[in-house]
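Read off the chains here:
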Amino acid sequence: MYSPHTDADRQAMLKTIGVESIEKLFECLPKENLFPDLDLPAGLTELDMLTELEGIAWANDTTQELLSFLGAGAYNHYIPAVVDAILQRGEFYTAYTPYQPEISQGTLQAIFEYQSMVAGLTGMEVSNASHYDGATAVAEAVNMAYHVFRGKRPKVILSPSLHPHYLQTIQTYTDGSDIQLVAHDQTNEISSDPDWLLPLIDDSISLIVVGYPDFFGRVYDYTEMARVAHDSGALIAVTVNPLSLGLLKPPGEFGADIVTGEGQPLGIPLSFGGPYLGLFATRQEYVRKMAGRLAGETVDNRGQRAYVLTLTAREQHIRRDRATSNICTNQGLMALAATVYMSLLGKHGLRQVAELCYHKAHYAARIITSIPGYQLWSTAPFFNEFVVECFLPAEEVNRQLLERNIIAGYDLGQNYPDLKNHLLVAVTEMNTKEDIDTFMEALSEVEDD
Amino acid sequence: MNIPTGLKYTENDEWIQVEDNIGTVGITDYAQEQLSDVVFVEIIADEGDTLEKGGTCATVESVKAAADVYMPVGGKIVSINDVELPDSPELINTDPYGAAWMLKIELSDSSELDELLDADAYKNFCEEREQ
């Protein structure tokens, strides 16, 4: 609960600094800017306020009421009830990393277990305590690679097939720095095999960043790219949908040096875009250049297992301007959600969910492309998301299907003018076979008017 | 506090020992005491690099702080202690003037040595800071 200072508090403070009144304290400020009349409506009663807020909330269309095939970086998955039950325990219920860490053993243990699971899932040696979301995590990868080479390799290759929001976030992060971004604006190449990036790798490149799956859902094997990158001394970062790793080969196995990802599919609701969870994992040799917090396991002076925040000299409050990043926090509550989700499902459960998504998506792709006027844009393998080329603009398809309470997918024309007839369709375990059949029927009845 | 004579010192707590225009550089006993247990050292200059006086050449991390090491004089890096020191950073605590040397440099301008402190001056400087 928010408790403001009382009059007695204010008097005591004024007395301490030797000022008579609040008015006297602010005397030096221009009169016309002081205590202005804010043109605000009168306060509401709790009942009235609730009615008004509910009215606003009801205006939303949610995935509970609509049939949704919308993904594009955030996915509608089932969240077991136990996730929320644990999140809402008072001992855990904070969004923050502990600032007096060692007395928060439970929180540190949860973070440690989160890190262990993320490292296992991605095939990397170390994971940090998380970032805000997938976009900021990949931006930190760019930052880290630049610092690994101490600025001697100023360029970073960004595949234009990364999520457009991630590309924007990286641009914002690196704006004004010496980091030069390469290839991200070559949208004419998005339909190419990612090997077109290989000739761009040379000794000025610190990092190459690719998606796995990429924004268009395609899954590529980056073994050769990792080899070429390493031969020239560069690092390779792979941004993942962590749920797909229940099924796909972990990026650590094909040579990735950094793995980042959006952790939302791991037990975090869509919530209109956030709060989400940024995964960040890398190899041990880069741990001192890694951003963010890191929990470690040790023993206390009685030999009992204990948890600490470790390697903190990497961080800005100690290393100052030489720190890789100014991030000294994590996405605590969402990392806990992912920890509970992964613990509950286990390795086999995660594989099962991934397989459900995979098979349902492939079923959907098969029956949608059996309708005249719809075809797959790419022949590359995919996980749970694919691009459908429609016979009329995706915006129009979406409009007609929304009338039937179906969200058809993401209109790619919003980001790629050449793809205005293209719909990015995601399928998860939440979509039943009947849902998919209904979707197909609706698509087949779309009219060109 | 161990401050050997014959070495030159900076106010940033580096030492340099010069023989035939080749200077060996490390951090002082006073510095290691201030840092407490050193857990990580990274020499961030490469052999063949030429750095000016004051340029950053290494980073030292202890359980409570991180500090940069600066070039006491300008010169070309001819050798770095990248075999023993990175694996045993605690050498900085146990043998700051010996096994924990960080780099050897070929001095660009030996007159820059005149701007550094001798053992007595450095001792006074440390004592002043203690007060």
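Structure report, in brief. (Residues numbered from 1 in each chain as written. Chains lettered and ligands numbered in written order. Predicted model: local features only at pLDDT ≥ 70, side-chain atom pairs only at ≥ 80, totals over all residues.)

**Regarding the environment of A:V209**
Residue and element names in this part refer to chain A. With respect to the helices and strands, the residue V209 is situated in strand β5 (residues 205-212). On the basis of neighbour counts, which here come to 28 C-beta atoms within 10 Å, the residue V209 falls in the buried class. Between the alpha carbons of V209 and Q105 there is a distance of 36 Å; along the sequence they are 104 residues apart. Among all residues touching V209, those that are not within four sequence positions of it are V138, A141, V142, V156, I157, L158, S159, L162, A237 and T239. (Helix = DSSP H or I, 4+ residues; strand = E, 2+ residues; numbered from the N terminus. Buried ≥ 20, exposed ≤ 12 C-beta atoms within 10 Å, placed from the backbone. Contact = placed C-beta atoms within 7 Å.)

**Some remarks on the sheet that holds strand β3 (residues 22-27) of chain B**
Residue and element names in this part refer to chain B. With antiparallel pairing, the six strands of this open sheet are ordered in space as β1-β2-β3-β9-β8-β5. Looking at the sheet topology across the chains shown, the edges are occupied by β1 (8-9) and β5 (50-51). Where strand β8 (residues 75-80) lies against strand β9 (residues 103-107), five bridges are found, and the strand directions are antiparallel. Bridged to G75 within β9 is L107. (Pairing = 2+ DSSP bridges.)

**A word on the packing of helix α6 (residues 134-148) of chain A against helix α7 (residues 164-174) of chain A**
Residues and elements named next belong to chain A. As a packed pair, α6 and α7 sit with axes 8 Å apart at the nearest point and diverge in direction by 45°. Here α6 lies oblique to α7, going by the angle between them. In this structure, the crossing between α6 and α7 has a hand that is right-handed. Note on element contacts: α7 touches α6 through H165, Y166, T169, I170, Y173 and T174, opposite G134, A135, T136, V138, A139, V142 and N143. Of the residues contributing to the contact of α6 with α7, the split by class is seven nonpolar, six polar and no charged. (Axes fitted to C-alpha atoms, helices over the stretch in contact; angles between N-to-C directions. Parallel < 35°, antiparallel > 145°, perpendicular 65-115°, else oblique. Left-handed = near helix turned anticlockwise from the far one by under 90°. Nonpolar A, V, L, I, M, F, W, Y, C, P; charged D, E, K, R; others polar.)

**Quick word on the sheet that holds strand β8 (residues 278-282) of chain A**
Residues and elements named next belong to chain A. One open sheet accounts for seven strands, arranged β2-β8-β7-β6-β5-β3-β4; its pairing is mixed. With partners counted over all chains shown, the strands left at the sheet margins are β2 (126-127) and β4 (180-182), one partner each. Set on the sheet, helix α8 (residues 223-231) makes contact with β5 and β6 (235-240); between it and β6 the angle comes to about 150°.

**Here we look at helix α12 (residues 433-444) of chain A**
Counting along an α-helix, one turn takes 3.6 residues, and residues three or four places apart therefore face a common direction. All names here are of chain A. Over its 12 residues, α12 extends 17 Å from the first C-alpha to the last, a length consistent with the 16 Å expected when each residue adds 1.5 Å. Among the residues of α12, those classed as buried are I436, F439 and L443. The arc that holds the buried residues of α12, viewed along the axis, is 55°, so those residues lie on one side. (Expected span 1.5 Å × (residues − 1). Arc of directions from axis to C-beta.)

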